[in-house]
Amino acid sequence: MAIQSLTSGGITWLHACRPSAEELSELQTTYKFHSLDLEDCVSETERPKIEDYGNYLFFVFHFPVVDRKSGKVWKEELQVFLGDTFIITLPDGQESRISALWEAAKASPEKCAELLGQGTGHFFYRVMHDVFDGVFPLIDDVSRELRKIEAELFESEENADFL
């Protein structure tokens, strides 16, 4: 998928799912990103982190995502470059909440202006808020399952002497 761009109020949002090495090279040339950050973007498994380079921040996040049909849980990775006048989001999956936010901003200039109009820091907060909101249903499901297991373990007479 090619890198897509939206601009509003002097803020540019670039977005691409699994960008190619060539596209990452273009970003490096344009924004003078550290080469290790771009290596992290193509690495199969990068650890979550935050790097501060003075003129931009680089983030790697991992989020659990659940397929509601199959119930399977997988990890989605998101890399973010954040500067004063730009934010670049690079999720590793098409079904990410960031991609949904991108589609909403692309479809509506008003939505784009709302999202980008208060600066990159506020927009980054909005992205992270949406991502974490998507994780809460999974946390709730896991909590319910743990309570069931706990109830079975501690309410069973045959397990009374287990502890």
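Please refer to the structure placed before this passage.
Since the structure is predicted, the reported quantities are computational estimates derived from the model, not experimental observations.

(A) Layout of the nonpolar core. Trp13, Phe61, Phe123 and Phe124 are the most contacted members of the largest nonpolar core, which totals 23 residues. Of all the secondary structure elements, the ones that give two or more residues to this core are strand E2 (11-15), strand E4 (57-66), strand E5 (73-82), helix H3 (97-107), helix H4 (109-116) and helix H5 (120-155). With six residues, the single largest contributor to this core is H5. Residues in contact with Phe61, not counting those within four places in the same chain, are Glu76, Glu77, Leu78, Val80, Phe124 and Met128.

(B) Examining a nonpolar patch on the surface more closely. Residues Phe132, Phe136 and Ile139 make up a contiguous nonpolar surface patch of roughly 290 Å² in combined accessible area. Inspection of the secondary structure puts Phe132 in helix H5. Residue classification places Phe132 among the partly exposed positions, given a relative accessible area of 42%.

(C) Looking closely at the pairing of strand E6 (residues 86-91). With six of six residues buried, E6 is to be regarded as a mostly interior element. Side chains Phe86, Ile88 and Leu90 of E6 all project onto a buried face; the interleaved residues Ile87, Thr89 and Pro91 project onto the opposite face, where all are buried too. Strand direction decides the pairing type here: E2 and E6, joined by four bridges, are parallel. For Leu14, the partnering residue across the bridge sits in E6 and is Ile88. With five bridges joining them, E5 and E6 adopt antiparallel strand pairing. Bridge pairing in E6 links Val80 to Thr89. Hairpin connection from E5 to E6: three residues lie between these consecutive antiparallel strands.

(D) Representation of the packing of aromatic side chains within the structure. Enumeration according to the criterion identifies 15 aromatic pairs in this entry. Between Phe58 and Phe81, the ring centres sit 4.7 Å apart and the planes meet at 40 degrees, which makes this aromatic pair tilted. Linking Phe58 in strand E4 with Phe81 in strand E5, this pair joins segments that are 23 residues apart in sequence. One exposure class covers both Phe58 and Phe81, and it is buried. For the pair Phe59 and Phe124, a centre-to-centre distance of 4.6 Å together with 25 degrees between the ring planes defines the contact as stacked. With Phe59 in strand E4 and Phe124 in helix H5, this residue pair connects regions lying 65 residues apart in the sequence. The exposure class assigned to Phe59 is buried, which follows from its relative accessible area of 6%.

(E) Local environment of unusual backbone geometry. Positive phi outside glycine occurs at Arg18, with the angle close to 50 degrees. By the element assignment, Arg18 lies in the loop between E2 and helix H1 (21-31). In the Ramachandran plot, Lys32 falls in the positive-phi region, its phi being about 60 degrees despite a non-glycine side chain. Within the secondary structure, Lys32 is located in the loop between H1 and helix H2 (35-42).

What counts as what
Residues numbered from 1 in each chain as written. Predicted model: local features only at pLDDT ≥ 70, side-chain atom pairs only at ≥ 80, totals over all residues. Heavy atoms only, no water. Core = buried A, V, L, I, M, F, W, Y, C linked by side-chain atoms within 4.5 Å. Buried < 20%, exposed > 50% of the residue type's maximum accessible area, 1.4 Å probe, protein only. Helix = DSSP H or I, 4+ residues; strand = E, 2+ residues; numbered from the N terminus. Contact = heavy atoms within 4.5 Å. Patch = residues over 30% accessible without salt bridge, like charges linked within 9 Å, V, L, I, M, F, W, Y side chains within 5 Å. Areas by Shrake-Rupley, 256 points an atom, 1.4 Å probe, with all protein chains shown as cover. Salt bridge = Lys/Arg side-chain N within 4 Å of Asp/Glu carboxyl O. Pairing = 2+ DSSP bridges. Phe/Tyr/Trp six-rings, centres within 6.5 Å; stacked < 30°, edge-to-face > 60°.

All we've got here are geometric facts, nothing functional implied.
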